[in-house]
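Per-entry structural report
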Amino acid sequence: MTTAAGDLLGTTGGGPVHRVLDAEVARARAAHPDRPPRVLDVGGGSGAWAVPLATAGCAVTVVDTSPNALAALQRRAREAGVGDLITPVQGDVDALAEVVPTGGADLVLGHGLLEVVDDLPCAVAALTAAAAPGGAVSVLVAGRNAAVLGRVLAGRLAEARALLTDPDGRLGPDDVLRRRLDGSTLCALLESGGSLRIEVLQGDGVLDGWLPGSVIDGGPATARAVAELEEMIAAVPALREVAARLHVLARRSAD
């Protein structure tokens, strides 16, 4: 069963990223009322984003390198009653054009992807090429500045220095992430090919890591207040730079 158009992801109050994706799905539905919005989720794993989008009535293709994650995705989709709207594809962003149509998606997701890929420019080019002219690319990445400040507050100053001075924002060769990004670097990367135009740059999890335990455990009313504050400050330039994750929605040129 799909959700109503007013709450496309079924996540009212779900945060600034959900709000932006709600609007993008509504845009795609209005532009193409004769078919479901087409979403491509690259590195989508077990469907944390894909299943809610399918529940909203989108046709979602999930590309991931892990067969176990794709199996979990299929189980999750069946349980949610949207198995017919989700297509799992085993593949890699480096060879995305070999497994999905070029220019076929109204919305392309690359959430938690750019910080782990080997070839960053290649990955961005692949995401861009997968979007239809006028379509959108949504990217969610780990923020460098939040990682630096988190280490400072924990008293791990050597790690903070490494994250700040390393060109890719890494702790060293054993870091599980290949890079962490700040807002200006992320935007420059996405726009470097000339085909994407940034429409939204915001923080996701601006308050993550900074709230005291007494607030985190404060009950439903406090949780609502935190969510409302998060929504308000996500787009404040100085504050979004200390968000745990940075979110960008970029529009592909209409060619």
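Residues numbered from 1 in each chain as written. Predicted model: local features only at pLDDT ≥ 70, side-chain atom pairs only at ≥ 80, totals over all residues. Heavy atoms only, no water.

What follows is about the packing of helix α5 (residues 144-153) against helix α6 (residues 157-165). Axis separation between α5 and α6 bottoms out at 7 Å; the angle between their running directions is 165°. With respect to α6, the element α5 is oriented roughly antiparallel. Crossing geometry of α5 relative to α6 is assigned as left-handed. On α6, the residues that touch Arg 144, Ala 147, Val 148, Arg 151 and Val 152 of α5 are Leu 157, Glu 159, Ala 160, Leu 163, Leu 164 and Thr 165. (Axes fitted to C-alpha atoms, helices over the stretch in contact; angles between N-to-C directions. Helix = DSSP H or I, 4+ residues; strand = E, 2+ residues; numbered from the N terminus. Parallel < 35°, antiparallel > 145°, perpendicular 65-115°, else oblique. Left-handed = near helix turned anticlockwise from the far one by under 90°. Contact = heavy atoms within 4.5 Å.)

On to the confidence of the model for the protein. Any segment with low pLDDT has predicted coordinates that should not be analysed in fine detail. Within the protein, residue pLDDT values average 92, and 94% of them lie at 70 or more. Taken as a whole, residues 1-13 scores under 50 in pLDDT and shows 28 contacts with residues more than four places along the chain or in a different chain. (pLDDT = per-residue confidence, 0-100.)

The next thing to look at is the side chain of Arg 251. Here Arg 251 is to be found in strand β7 (residues 245-252). A polar atom in the side chain of Arg 251 sits 2.6 Å from the side chain of Glu 24. Reaching out from Arg 251, the side chain makes a polar contact with the backbone oxygen of Gly 134 at a distance of 3.3 Å. Ignoring anything within four residues of it in the chain, the contact list for Arg 251 reads Glu 24, Arg 27, Gly 134, Gly 135, Ala 136, Ser 195, Leu 196, Arg 197 and Glu 199. (Polar contact = N/O pair within 3.5 Å; in protein donor to acceptor, adjacent residues only side chain to side chain.)

This part covers the side chain of Asp 175. Along the chain, the position of Asp 175 falls in the loop between α6 and α7 (183-191). On the basis of relative accessible area, Asp 175 is assigned to the buried category, the value being 10%. Polar side-chain contacts of Asp 175 include one of 2.7 Å to the side chain of Arg 180. Ignoring anything within four residues of it in the chain, the contact list for Asp 175 reads Arg 170 and Arg 180. (Buried < 20%, exposed > 50% of the residue type's maximum accessible area, 1.4 Å probe, protein only.)

What the rule picks out here adds up to 10 salt bridges. Note that Arg 197 and Glu 199 form a salt bridge whose closest N and O atoms lie 3.3 Å from each other. Overall, the relative accessible area of 34% leaves Glu 199 in the partly exposed class. The closest approach of N and O atoms between Asp 204 and Arg 245, which form a salt bridge, is 2.7 Å. With Asp 204 in strand β6 (residues 196-204) and Arg 245 in strand β7, this pair connects stretches of sequence that are 41 residues apart. Under the relative-accessibility criterion, Arg 245 is labelled partly exposed at 28%. Each of the salt bridges in this network shares a partner with another, and the network as a whole consists of Glu 24, Arg 197, Glu 199 and Arg 251. (Salt bridge = Lys/Arg side-chain N within 4 Å of Asp/Glu carboxyl O.)

Taken in spatial order, the seven strands line up as β3-β2-β1-β4-β5-β7-β6 in an open sheet, and their pairing is mixed. In this open sheet, the two edge strands, each paired with only one partner strand, are β3 (86-90) and β6. Neighbouring strand axes in the sheet, compared pairwise and without regard to direction, differ in orientation by 15° on average. As judged from the six bridges shared by strand β4 (residues 105-111) and strand β5 (residues 131-142), these two strands associate in the parallel manner. Residue Gly 110 lies in a different strand from β5, and its bridge partner there is Val 139. Across the sheet, α7 lies against β5, β6 and β7, angled at about 155° from β6, the strand it touches most. (Pairing = 2+ DSSP bridges.)

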